[in-house]
Amino acid sequence: MLGGVPATTLIETRALTKRFGRSTALDGLDLHVAEGEVHGFLGPNGAGKSTTIRVLLGLMRPTSGTASVFGLDPWAEAAQIHRDIAYVPGDVSLWPGLTGGEAIDLLASLRGGADAARRAELIEQFEFDPRKKARTYSKGNRQKVALIAAFARPARLYILDEPSSGLDPVMESVFRQQIERVRGEGATVLLSSHVLSEVEQLCDRVTIIREGRVVESGSLAQLRHLSRTSFRVAGIGDLAALAALTGVHAVTRVGDSVEFEVDADAIPAVLTAVAGQGATAVSAAPASLESLFLRHYSGPR
Amino acid sequence: MRGLGVVLASQARRDRWVLSYWVGGIALLGIGVASAITTQFADDGERASIIAIATANPAFLFLRGLPDGLSVGAVAFFQGFTFTAVLAGLMSTFLVVRHSRADEEAGRAELLGATPIARSTMLAATIALGVLANLALGVVLALAYIAGGLPAEGSVVAALAVGSVGIVFVAVAAVVAQAMPSGRGANGVAAALVVGAYLLRGIGDALGTPSDDLLRVTPSALSWFSPIGWGQATRPYSEPTLLPMLLSLGAFVALAGLALVLRSRRDLGSSLVPVRAGRPAARSGGRSALGLAWRLQRATVLGWTAGVVVLGGIAGGLGPVVAQAVAENDTLAALIARLVPGSTGDTADVFIAALLGIGGVLGAAAGVQAVLRLRAEEVEGRAELLLATPLSRARWMLATVIVASASVLIVGLALGLATGGVLARSSGEPADVLRYAGAALAHSPAALVFVSVTALAFAVTPRITIALGWGLLVIGLVLGQFGELLQLPEWVQAASPFFHSSAVPVVEFDGVAGAIMIAIAVFGVAAAAVALRRRDLTA
């Protein structure tokens, strides 16, 4: 893992394990989220993100390992820690007979009551009609109910499980503004998301999990450093010599150019070699987040 | 119809266990009643005495149906038919709503509706499944009656009569599902129509005319407005006729056709009863767990309350009529005095006490329904939303248990006030109102035990909460209605909390039994609160 654990840890799990019968959802997961950061929580479907979140909320008890939120055990002190948490589940299910406005007020009131001005502002920004019965809302509109209820009252920690799924791009930008706002107020956000641009824009650090374990954790800059840089070079004849260099991967010829990927620590050596082989044009691009995630999501285990 | 077979097969597969339990359970009751009559009432004289009591007392006519002669089969049919028909009706309505409105609400219908099948195909398959289920019920039930020792021909007609009631309610529920916007609402309305059919023929039968030899009763015209009345009119063990089933068949065809037309013409998700816009913000009552629990239960309580007010009106209105009929008929009065030594109880009171007992079960049903909602909240993900706030699990559950207990008391009180109010008008004694309100509430402690046991089931065995909640209530009801007849050992009958309720005003209220039941209920809820803290939220 990259990066030291910051001084004020808000969420910490150690060797967190959760089994359902024979299947293992979490397999020794270590997660650290520092106070004041927006922490991206990523992983393929079924990796254990929602299970982790449910353990952090005290809705499920770990099979083994420990979890702490605000330094408290979420299972034992669930109601206590919930005073400072706003939660948006990935699949929001509402009471069919209640209107959206009533559901927002119920959820916000259980946390101590909504800020009336903020509630009105959020309803306007999200272009939400609070008078309709929940059974008539689309997925995006149900999502808005949970988002408005979460942001209508300040919280110390926001736990958001794929919060922007179902939102249109305009609403998504409203959502991003809200994250920036609470970040500015010093709140901490745990954001599970598949929208890479959202993660790239919002998150200070990310943790990538797969099959119930952490496979990567750190700042985006650190993760980029870990990943490979793509090169496109013209004027090289000897592909075999290039491919033989340490740290060079995926060499392919494209027209009269060669494309390949280079590990970060091998870049100086590779640049020297490329210059020596008579390159006429060179372009290099940092690894896209997408390629980074694809590698972690679907690479060999 | 393209795709009908595939859809039908998938619906049947989804229902294979539920329907097996329904058919098996109803058949078990059938075989139990049949063999109880053939063994315990093998003697003509004994059968003559129960038929005479029944004929003389409209309370029996109301609750059980029409005596139709002295044969073993006729007595068994009289004892068991109407209740069995109600069960067949409920099996049918739940089946239809489960596959129509409930699926539409959950979004599953959209997935299937996007395949190349006609709009009404799913409903047609459901109706077909309902008919098949009732045919299966008929076959199994006929075998059960024959196995219980009843004559074969009559048993086939009797079983067909039960199935025909079920088939009518398949079509009734199909129409209701087009009208109501939610699965819960459709289930409530359709089940109320089943109970309404029972009550309607109850009034019709109670107002019927006894034959001169007091062996049979001809119902009044009212009974002909109820599908259960049509089934009863087949008279399987005396003069069997299938003619009344033409009414059932006609009603089925008309209603099923109407439902299919409605379905093929309306949008997916739309309903005849429209969904209106509501409040943009919650009122102060809608901002707490208790407020939410009440909000979710409100319509249910109103429904049950309306039902028991009707029942109370019947009890209060018919009670004096019954008493007068018996008093005017010297033969009847003498017969009752002779057959039931020491039965000094006012005939009207016996009738009323029996109906208030049924009211106790209805109150318990309202309470159990409230508690079961906790499970639906958990499965459908809303509990997760609530319990991620500072609301503790114990308080979440207690809010619902409080509302469930209030439902029990509201339903009981409404029944008592309606009964007493109607009686007070005829007797001129205002005190009757309070007297019968108290009598109705005498059944509440037993009902509260069911609320508590359901809460405990939810906390300890969440996955089978719904089966346990309703299952235990049905067992309690069957033990209460048939325990005596089936000659079950007293300890088995005593297992039902209703066994310990006092049939006020016929007997005095047993305060000790009431207090013990309330204590058990409180203990059960406390245990549930502790157990709920110890488990994961599960889907």
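Structure's up top.
Fair warning: this is a prediction, and the values are worked out from it, not measured in the lab. (Residues numbered from 1 in each chain as written. Chains lettered and ligands numbered in written order. Predicted model: local features only at pLDDT ≥ 70, side-chain atom pairs only at ≥ 80, totals over all residues.)

Visitor: Describe the interface of chain A and chain B, with residues and values.
Guide: The interface of chain A with chain B comprises 32 residues on the first partner and 29 residues on the second. For the side of chain A that touches chain B, the secondary-structure elements that each account for two or more residues are α2 (78–82), β5 (85–88) and α3 (100–110) of chain A. The greatest single-element share of the side of chain A that touches chain B, amounting to 7 residues, is contributed by α3 of chain A. Taken together, the residues of the side of chain A that touches chain B break down into 16 nonpolar, 6 polar and 10 charged. (Contact = placed C-beta atoms within 7 Å. Helix = DSSP H or I, 4+ residues; strand = E, 2+ residues; numbered from the N terminus. Nonpolar A, V, L, I, M, F, W, Y, C, P; charged D, E, K, R; others polar.)

Visitor: Give a detailed account of the nonpolar core, specifying residues and quantitative values.
Guide: Inside soluble globular proteins, nonpolar side chains tend to come together where they are buried. Counting residues in hydrophobic clusters, the biggest one holds 248 residues, and the most contacted among them are I148 of chain A together with A171, A174 and V451 of chain B. In terms of nonpolar packing, the next biggest core, distinct from the first, is built from 9 residues, F231, V233, F260 and V274 of chain A among them. (Core = buried A, V, L, I, M, F, W, Y, C linked by C-beta atoms within 7 Å. Buried ≥ 20, exposed ≤ 12 C-beta atoms within 10 Å, placed from the backbone.)

Visitor: I'd love a proper account of the sheet that holds strand β9 (residues 213–219) of chain A, names of residues and values included.
Guide: All names here are of chain A. Read from one edge of the open sheet, 6 strands run β5-β6-β7-β3-β8-β9, paired in mixed fashion. Bordering the open sheet on either side are β5 and β9, each of which pairs with just one other strand. Taken pair by pair, the neighbouring strands of this sheet meet at an average axis angle of 15°, ignoring direction. Looking at chain direction, strand β6 (residues 157–161) and strand β7 (residues 188–192) are connected through 5 bridges and run parallel. In the sheet register, D161 faces β7, and the bridge partner there is S192. Contacting β3 (38–42), β6, β7 and β8 (205–210), helix α1 (residues 49–56) runs over the sheet at an angle of about 150° to β6. Relative to β5, helix α5 (residues 139–151) is tilted by about 170°, and along the sheet it contacts β5 and β6. (Pairing = 2+ DSSP bridges. Axes fitted to C-alpha atoms, helices over the stretch in contact; angles between N-to-C directions.)

Visitor: So, unusual backbone geometry: which residues are in play, and what are the values?
Guide: Residues V504 of chain B and P505 of chain B are joined by a peptide bond in cis, for which omega reads 10°. Tracing the backbone shows P505 of chain B in the loop between α21 (490–494) and α22 (511–532). Not every positive phi belongs to a glycine, and F70 of chain A is a case in point at roughly 55°. Note that F70 of chain A resides in the loop between β4 (64–69) and α2. A count of 18 C-beta atoms within 10 Å places F70 of chain A in the partly exposed class. Look at E127 of chain A: it is not a glycine, yet its phi comes out positive at around 50°. Looking at where E127 of chain A falls in the secondary structure, it is placed in the loop between α4 (116–125) and α5. In this structure E127 of chain A comes out as exposed when scored by C-beta crowding, with 12 C-beta atoms within 10 Å.

Visitor: Tell me about the sheet that holds strand β10 (residues 229–234) of chain A, residues and numbers included.
Guide: Residue and element names in this part refer to chain A. Read from one edge to the other, the open sheet built from 4 strands follows the order β11-β12-β10-β13, with strand pairing classed as antiparallel. Lying at the two open borders of the sheet, with one neighbouring strand each, are β11 (248–254) and β13 (281–285). The mean angle between the axes of side-by-side strands here comes to 15°, regardless of whether they run parallel or antiparallel. Where β10 and strand β12 (residues 257–262) come together, 6 bridges link them in antiparallel fashion. In the sheet register, V233 faces β12, and the bridge partner there is V258.

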